[in-house]
Amino acid sequence: MYKPGFTVCWLSAIQLTMNSLNRGIVYVLLAPLFWGLSGVFAQFLFRDRAITPEWLVCVRLLIPGFILLLFAALRSVNIFAIWLFDTGRIALFSIFGIAAAQLSYFMAIKESNAATATVLQYLSPVIVAAVITVKLRRLPSARTVAAIVLALAGTFFITTHGNPGSLSISGAALAWGLGSAFAFTFYVMYSVNLVRKWNGMMVIGWGMFAGGVMLSLFIHPWNIPGVWNAGTFASIAFVVFFGGLISYYFYLMGIQSTGSQAGTILSCTEPLHSALFSIIFLGVHFTGMDWLGLLCIISTVIILTVRR
């Protein structure tokens with residue numbers, strides 16, 4: 001028998017699902033937008049306000065890390081248990097994962113620009129695929145080979161502009177950019193088992209906070225560098241809170257609705273945001289070869305993420 005009430009409930013469920021999916025897409029798109037803007041603000045701070053990458057990374061780790069740990073504690077999570085049972089692993093994750101990835105990324109921005117640093121960091125999925133292929137001792141799939149070829153081509157176009165006899169960016173920028181890709185690879189792969197075993201917010205929180213404490217031993221964040229005015233305060237606040245905390249929250253909220261696969265694809269807009277904002281706000285010049293290289297590297301992420 002036809003039941004109008006059942007139809008109304010069914011349509012309401014579809015509407016709620018669609019609304020949830022749309023919110024998820026918005027959340028996932030906002031995260032790379034904030035990440036991309038964060039890199040541009042960081043470039044402004046390094047270039048025009050004499051803020052050092054080391055100091056900015058230290059602050060960007062300490063403050064969001066502390067807030068994430070506070071949120072985890074308010075949810076009745078025993079935030080100190082991980083140091084009793086997984087001391088070595090969380091220490092390695094903090095130093096060689098989060099701290100190394102962020103420091104190398106911001107150093108690459110200082111040596112080049114936000115867009116170039118972001119694109120080079122996006123080589124990480126290709127490195128992950130190559131590591132997994134070697135670990136499983138099997139021949140790479142056609143998609144993996146295609147992704148590696150595109151990644152190498154993209155890196156070639158960006159770093160040489162098609163001329164193999166010269167570099168279009170400095171050697172230091174290339175080294176820091178590739179270093180950020182490898183550090184981010186370690187961060188992604190090493191965090192999997194930690195997040196499965198422990199609360200994800202606590203793992204990231206300790207990774208950031210402990211990494212910031214480690215850097216503080218060498219950088220001394222209380223020795224504040226640079227030229228300070230309203231623009232400096234606003235830029236640092238954006239890098240720390242929107243780029244380091246709110247974007248993380250939006251991304252996690254988004255992939256709960258869209259799924260990690262769609263979330264990964266949508267997050268590929270970050271290099272595009274970095275490039276566009278660098279051109280608009282900082283006057284960075286992008287050539288046709290730069291855009292071609294950016295397109296190649298973004299394509300690798302899509303190839304590796306989309307399933308048949």
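Rules used in this analysis
Residues numbered from 1 in each chain as written. Predicted model: local features only at pLDDT ≥ 70, side-chain atom pairs only at ≥ 80, totals over all residues. Heavy atoms only, no water. Buried < 20%, exposed > 50% of the residue type's maximum accessible area, 1.4 Å probe, protein only. Helix = DSSP H or I, 4+ residues; strand = E, 2+ residues; numbered from the N terminus. Polar contact = N/O pair within 3.5 Å; in protein donor to acceptor, adjacent residues only side chain to side chain. Core = buried A, V, L, I, M, F, W, Y, C linked by side-chain atoms within 4.5 Å. Contact = heavy atoms within 4.5 Å. Phe/Tyr/Trp six-rings, centres within 6.5 Å; stacked < 30°, edge-to-face > 60°. Axes fitted to C-alpha atoms, helices over the stretch in contact; angles between N-to-C directions. Parallel < 35°, antiparallel > 145°, perpendicular 65-115°, else oblique. Left-handed = near helix turned anticlockwise from the far one by under 90°. Nonpolar A, V, L, I, M, F, W, Y, C, P; charged D, E, K, R; others polar. Salt bridge = Lys/Arg side-chain N within 4 Å of Asp/Glu carboxyl O.

Novice: Any details on helix α5 (residues 114–121)? Residues and values, ideally.
Specialist: Taking burial as the measure, the 8 residues of α5 include 8 buried ones, the bulk of the element. Regarding α5, the residues found buried are Ala 114, Ala 115, Thr 116, Ala 117, Thr 118, Val 119, Leu 120 and Gln 121. The N-capping residue of α5, defined by a side-chain oxygen 3.1 Å from the backbone nitrogen of Ala 115, is Asn 113.

Novice: Tell me about the nonpolar core, and please be specific about residues and values.
Specialist: In this structure, Leu 56, Ile 82, Phe 106, Ile 109, Met 202 and Leu 215 are the most contacted members of the largest nonpolar core, which totals 77 residues. Looking at which element gives the most residues to this core, the answer is helix α2 (residues 53–74), with 11 residues. Apart from the residues within four sequence positions on either side, Phe 106 is in contact with Ala 42, Phe 46, Pro 53, Leu 56, Val 57, Arg 60 and Val 239.

Novice: How would you summarise the packing of aromatic side chains if you had to cite specific residues and measurements?
Specialist: What the rule picks out here adds up to 17 aromatic pairs. Plain terms: the ring middles of Trp 83 and Trp 206 are 5.6 Å apart, the flat faces sit at 85 degrees to each other, and that makes the pair edge-to-face. One end of the pair, Trp 83, is in helix α3 (residues 81–85); the other, Trp 206, is in helix α9 (residues 200–219), with 123 residues separating them in the sequence. Trp 83 sits in the partly exposed class, given a relative accessible area of 26%.

Novice: Tell me what's going on with the packing of helix α4 (residues 87–111) against helix α8 (residues 171–197), and back it up with residues and numbers.
Specialist: Contact pair α4 / α8: the axes reach a minimum separation of 7 Å and the direction vectors enclose 150 degrees. What the angle tells us is that α4 and α8 run roughly antiparallel. The handedness of the crossing between α4 and α8 is left-handed. Of the residues contributing to the contact of α4 with α8, the split by class is 19 nonpolar, 7 polar and 2 charged.

Novice: Requested: an account of the environment of Tyr 190, with residues and values cited.
Specialist: Within the secondary structure, Tyr 190 is located in helix α8. Taking relative accessible area as the criterion, Tyr 190 reaches 24% and is therefore assigned partly exposed. Between the C-alpha atoms of Tyr 190 and Arg 89, which are 101 residues apart in sequence, the distance is 8.5 Å. Not counting residues within four places of it along the chain, the set of residues in contact with Tyr 190 comprises Arg 89, Leu 92 and Phe 93.

Novice: Could you give an account of the pattern of salt bridges, naming the residues involved and the relevant values?
Specialist: Considering all chains together, one arrives at 3 salt bridges under this definition. Across the salt bridge formed by Asp 48 and Arg 47, the nearest N and O atoms sit 3.2 Å from each other. Arg 47 sits in the partly exposed class, given a relative accessible area of 46%. A salt bridge links Lys 197 to Asp 86, with the nearest nitrogen and oxygen atoms 3.2 Å apart.

By themselves, these figures tell us nothing about what the structure is for.
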